[in-house]
Amino acid sequence: MTKTVSLTLIFEVVVCVLAIPGMIQVSGVPVGVALGVGGTAALLPLLAAATLRRPLGWVLAWAAQVACIALGLLTPWMYVVGGAFAALFVVEIVLGRRIEAGPASR
């Protein structure tokens, strides 16, 4: 489960970084604000992917989901993209736990 979640978090880093030019060009957000907020939102999933084997990694992963959705405050299309990543994250956790539980729980 941690491998698939890590990959999702890495893709989320890419999306958050690509949201920075989108915030600047499409939504007219000032460059400094876009770099600060977008950089922070990109740093969270990166740190989460690096520390996912520890409890802190999971806290950071959930914070990354919130941060990615919160980018929608600056550029509305990130509500959709952030929500899609959050939904994928939840599905991976739910299905991953079912698979790791194995046939004993079925």
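Here, every reference points to the structure presented above.
The sections below set out a description of the structure shown in this document. (Residues numbered from 1 in each chain as written. Predicted model: local features only at pLDDT ≥ 70, side-chain atom pairs only at ≥ 80, totals over all residues. Heavy atoms only, no water.)

Turning to the overall build of the protein chain, a few remarks are in order. Tallying secondary structure elements over the protein chain gives four helices and zero strands in all. Order of helices (α) and strands (β) in the protein chain, N terminus to C terminus: α-α-α-α. Dimensions of the protein chain, computed from the C-alpha atoms along their principal axes, are close to 55 × 25 × 15 Å. Expressed as a percentage of its 106 residues, the buried residues of the protein chain come to 40%. Taking the contacts inside the protein chain whose residues are at least 6 apart along the sequence as the reference set, 64% of them involve residues at least 24 apart. For the protein chain, the exposed area adds up to about 6100 Å²; of that, 75% sits on carbon and sulfur atoms. (Helix = DSSP H or I, 4+ residues; strand = E, 2+ residues; numbered from the N terminus. Buried < 20%, exposed > 50% of the residue type's maximum accessible area, 1.4 Å probe, protein only. Contact = heavy atoms within 4.5 Å. Areas by Shrake-Rupley, 256 points an atom, 1.4 Å probe, with all protein chains shown as cover.)

Time to look at the packing of helix H1 (residues 2–25) against helix H2 (residues 31–50). Taken N-terminus to C-terminus, the directions of H1 and H2 make an angle of 175°; their axes are 8 Å apart at the nearest point. Between H1 and H2, the interaxial angle falls into the category roughly antiparallel. The segment H1 lies against H2, with Ser6, Leu9, Ile10, Glu12, Val13, Cys16, Val17, Ile20, Met23 and Ile24 engaging Val31, Ala34, Leu35, Gly38, Gly39, Ala41, Ala42, Pro45, Leu46, Ala48 and Ala49. (Axes fitted to C-alpha atoms, helices over the stretch in contact; angles between N-to-C directions. Parallel < 35°, antiparallel > 145°, perpendicular 65-115°, else oblique.)

Right, let's talk about the packing of H1 against helix H4 (residues 77–101) for a bit. Where H1 meets H4, the axes come as close as 10 Å, and the angle between the chain directions of the two elements is 175°. By the criterion of interaxial angle, the relationship of H1 to H4 is roughly antiparallel. Residues Thr4, Val5, Thr8, Phe11, Glu12, Val15, Ala19 and Gly22 of H1 lie in contact with H4, whose contacting residues are Trp77, Met78, Val81, Phe85, Leu88, Phe89 and Glu92. When grouped by side-chain class, the residues that make up the contact of H1 with H4 number ten nonpolar, three polar and two charged. (Nonpolar A, V, L, I, M, F, W, Y, C, P; charged D, E, K, R; others polar.)

Quick look at the side chain of glutamate 12 now. The residue glutamate 12 is located in helix H1 in this model. Nearest to the buried, unbridged glutamate 12 among oppositely charged side chains is arginine 97, at 16 Å. Separated by 2.9 Å, the side chains of glutamate 12 and glutamine 65 make a polar contact. Excluding its chain neighbours within four sequence positions, the residues that come into contact with glutamate 12 are Pro45, Ala64, Gln65, Cys68 and Phe85. (Lys, Arg positive; Asp, Glu negative; His and termini not counted. Salt bridge = Lys/Arg side-chain N within 4 Å of Asp/Glu carboxyl O. Polar contact = N/O pair within 3.5 Å; in protein donor to acceptor, adjacent residues only side chain to side chain.)

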